[in-house]
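Residues per chain, in single letters:
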Amino acid sequence: MDYYCSEVVHGIRVTGACTSNFVVQIEGTPQSDIELPVNSPVQLWKLKHRDYIVNYGKSKDDYEYCMSEYLRINGVYWGITALCLLDQLDQLNKTEVIDFVKSCQHPSSGFGASPNHDPHILSTLSAIQILTIYDAVDEIDVDGAVNFIHCQQQNDGSFSGDKWGEIDNRFSFCALACLSLLGRLDAINVDSAIDFILKCMNFDGAFGCKPGSESHSAQVYCCVGSLAITGRLHHLNIDALGWWLSERQLPSGGLNGRPEKLPDVCYSWWVLSSLAIIGKLHWINKVKAILSRDNIFRHCPENLLLNHILLTKINDILQLLFFFLIVKEKLINFILACQDKETGGIADKPGDLVDPFHTLFGIAGLSLLGDTTLKQVNPVYCMPEEVIQKLRLKVQMLN
Ligand code: GRG
């Protein structure tokens, strides 16, 4: 007689359609994915990406340029960091960039995305990152920026982004990253900031944007980065988190941000940097086999996997297999397939329009994956490693 069995394994409901004693089909969490186009590029077009970034801000009348005013300073950070990793920073006019950043600071306060925009903690982090890369932090009102960040901290330790009060642990990361780059962590209550971050940890070891929110790999980066900056990585459940992050890879090779979602190049950053910080990047580095939980079940001959093995031993099987879940070469292929040969730049998915955000995170992901033609990126700050080394910042990283 046909029947269904169902069991929760590490928070994932695994169901099997069974006939008599034998499992005929196993379904894990359903996957959405894309197919890489045939003849996708297999090399990184570094000079094309350099030209794309250098020319991005030149056509100030472009629709896209005008519509992205609210992200301008973030865009400058994405572009500058990408150029650094490509070893092409000298292509930009340093004085012009610093003057632009200075023009975004409010008197005795934080930075807006463009001149005359309200200050926001996201823009303030981008400003500090740009100035740190250019070794030009002294050119702004540092006390004003520190005071702005201090004023965003709430009684429960969380941070709002601006005066309007939205709370998200992205803003906690921005505060901690900014203040650590400025050597001013003493300006906030670090213990309560971390208490709030830890309240965002879920049963799967990953983090959502607020307590009780769904796990998302970009929030994981923010929370793991915050713990690394403050030396609190011991609070993590490394195995559960490493597993959850590893499971973000799809058969196309790309990574998604959470279960059932499509892959996107930017997750090459959010997922890989988090794995790097918790010392598990090698889980993807040494593997050639294409094994995943779904592939194993999909390719398993019908009568091979006995019902009782599924129900009693699945934990052990999965424990063994999750070391092999992300395949480095497939991820590299996915990122390279998202390049645009005509315009330069990298898109979220193959064939989509490129933008500076995905261009940075594609390049930074490749740097984390060991592309030695690129400069090394620091997984906590998403800035050139040499800049962080020069500051002698003490950031916790697990082996
Ligand atoms: C220094 C790198 C760096 C970052 C600073 C701003 C910030 C700290 C982090 C942002 C983290 C974040 C929440 C990014 C959003 C990533 C993203 C593409 C989210 C899209 O979410 P959905 O739900 O898409 O629209 P999915 O992929 O889940 O369908």
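Everything below is about the structure shown above.
The paragraphs below set out a description of the structure included in this document. Here the structure is a predicted model, which means the values were calculated and not measured.

Definitions and cut-offs
Residues numbered from 1 in each chain as written. Predicted model: local features only at pLDDT ≥ 70, side-chain atom pairs only at ≥ 80, totals over all residues. Heavy atoms only, no water. Helix = DSSP H or I, 4+ residues; strand = E, 2+ residues; numbered from the N terminus. Buried < 20%, exposed > 50% of the residue type's maximum accessible area, 1.4 Å probe, protein only. Contact = heavy atoms within 4.5 Å. Areas by Shrake-Rupley, 256 points an atom, 1.4 Å probe, with all protein chains shown as cover. Salt bridge = Lys/Arg side-chain N within 4 Å of Asp/Glu carboxyl O. Lys, Arg positive; Asp, Glu negative; His and termini not counted. Polar contact = N/O pair within 3.5 Å; in protein donor to acceptor, adjacent residues only side chain to side chain. Near = heavy atom within 4 Å. Nonpolar A, V, L, I, M, F, W, Y, C, P; charged D, E, K, R; others polar. Core = buried A, V, L, I, M, F, W, Y, C linked by side-chain atoms within 4.5 Å. Axes fitted to C-alpha atoms, helices over the stretch in contact; angles between N-to-C directions. Parallel < 35°, antiparallel > 145°, perpendicular 65-115°, else oblique. Left-handed = near helix turned anticlockwise from the far one by under 90°. Phe/Tyr/Trp six-rings, centres within 6.5 Å; stacked < 30°, edge-to-face > 60°.

### A short note on the overall build of the chain
Phase 1: Helix and strand content of the chain: 17 helices and 5 strands.
Phase 2: The buried share of the chain, taken over its 399 residues, is 57%.
Phase 3: Within the chain, counting contacts between residues at least 6 apart in sequence, those at least 24 apart form 68% of the total.
Phase 4: About 18000 Å² of surface is accessible on the chain, with carbon and sulfur atoms providing 52% of the total.

### Details of the pattern of salt bridges
Phase 1: For the structure shown, the criterion picks out 10 salt bridges.
Phase 2: With a closest N to O distance of 3.7 Å, D87 and K375 form a salt bridge. Of this pair, D87 sits in the loop between α3 (72–85) and α4 (94–103) while K375 sits in the loop between α16 (356–368) and β4 (377–378); the two residues are 288 residues apart in sequence, bridging distant segments of the chain.
Phase 3: By relative accessible area, D87 is classed as exposed at 51%.

### A short note on the side chain of K328
Phase 1: Of note, K328 is situated in helix α15 (residues 328–337).
Phase 2: The buried charged residue K328 lacks any salt bridge, with E329 as its nearest oppositely charged partner at 5.3 Å.
Phase 3: A polar atom in the side chain of K328 sits 3.4 Å from the backbone oxygen of L369.

### A look at the site of the ligand
Phase 1: Neighbouring the ligand are 19 residues; L122, Q219, R258, K261 and Y267 lie closest to it.
Phase 2: Taking 750 Å² as the accessible area of the ligand by itself, protein coverage stands at 72%.
Phase 3: Taken together, the elements giving at least two residues each to the shell around the ligand come down to α5 (121–133), α7 (169–182), α9 (217–229) and α11 (267–277).
Phase 4: The leading source of residues in the shell around the ligand is α9, at 4 residues.
Phase 5: Looking at side-chain class alone, the shell around the ligand contains 13 nonpolar, 3 polar and 3 charged residues.

### Topic: the nonpolar core
As a rule of thumb, soluble globular proteins bury nonpolar side chains together.
Phase 1: In this structure, F207, V224, L236, W269, L360, Y381 and C382 are the most contacted members of the largest nonpolar core, which totals 110 residues.
Phase 2: In terms of residue count, α7 provides more of this core than any other element does, 10 residues in total.
Phase 3: Contact partners of L360, with chain neighbours within four places excluded, come to Y77, W78, T81, A82, L85 and C382.

### So, the packing of α3 against α4
Phase 1: At a minimum axis separation of 11 Å, α3 and α4 run at an interaxial angle of 150 degrees. On the basis of their axis angle, the class for α3 and α4 is roughly antiparallel. Taken as a pair, α3 and α4 cross one another with a handedness that is left-handed. The segment α3 lies against α4, with R72, I73, V76 and I80 engaging V97, F100 and V101.
Phase 2: Broken down by class, the residue content of the contact of α3 with α4 amounts to 6 nonpolar, no polar and 1 charged.

### Some thoughts on the side chain of R50
Phase 1: With respect to the element layout, R50 can be found in helix α1 (residues 46–56).
Phase 2: Take R50: its relative accessible area is 18%, and that puts it in the buried class.
Phase 3: Residues in contact with R50, not counting those within four places in the same chain, are L83, L86, Q88 and Q91.

### Details of helix α6 (residues 142–152)
Phase 1: For α6, the complete set of buried residues consists of V142, G144, A145, V146, F148, I149 and Q152.
Phase 2: Along its buried surface, α6 packs onto α5 and α7.
Phase 3: Where α6 begins, the side chain of D141 points an oxygen toward the backbone nitrogen of D143, at a separation of 3.3 Å.

### A short note on the packing of aromatic side chains
Phase 1: As enumerated under the stated definition, the model contains 8 aromatic pairs in all.
Phase 2: With a centroid separation of 4.9 Å and an interplanar angle of 45 degrees, the aromatic rings of W270 and F361 are classed as tilted. Pair noted here: W270 is in helix α11 and F361 is in helix α16, with a separation of 91 residues, a long-range link.
Phase 3: Given the relative accessible area of 14%, W270 is considered buried.
Phase 4: Overall, F361 belongs to the buried group, its relative accessible area being 4%.

### Examining unusual backbone geometry
Phase 1: A positive phi angle is found at S108, which is not glycine, with a value near 50 degrees.
Phase 2: Turning to its location among the elements, S108 is positioned in the loop between α4 and α5.
Phase 3: If you check the backbone angles, N116 has positive phi at about 70 degrees while not being a glycine.
Phase 4: With respect to the helices and strands, the residue N116 is situated in the loop between α4 and α5.

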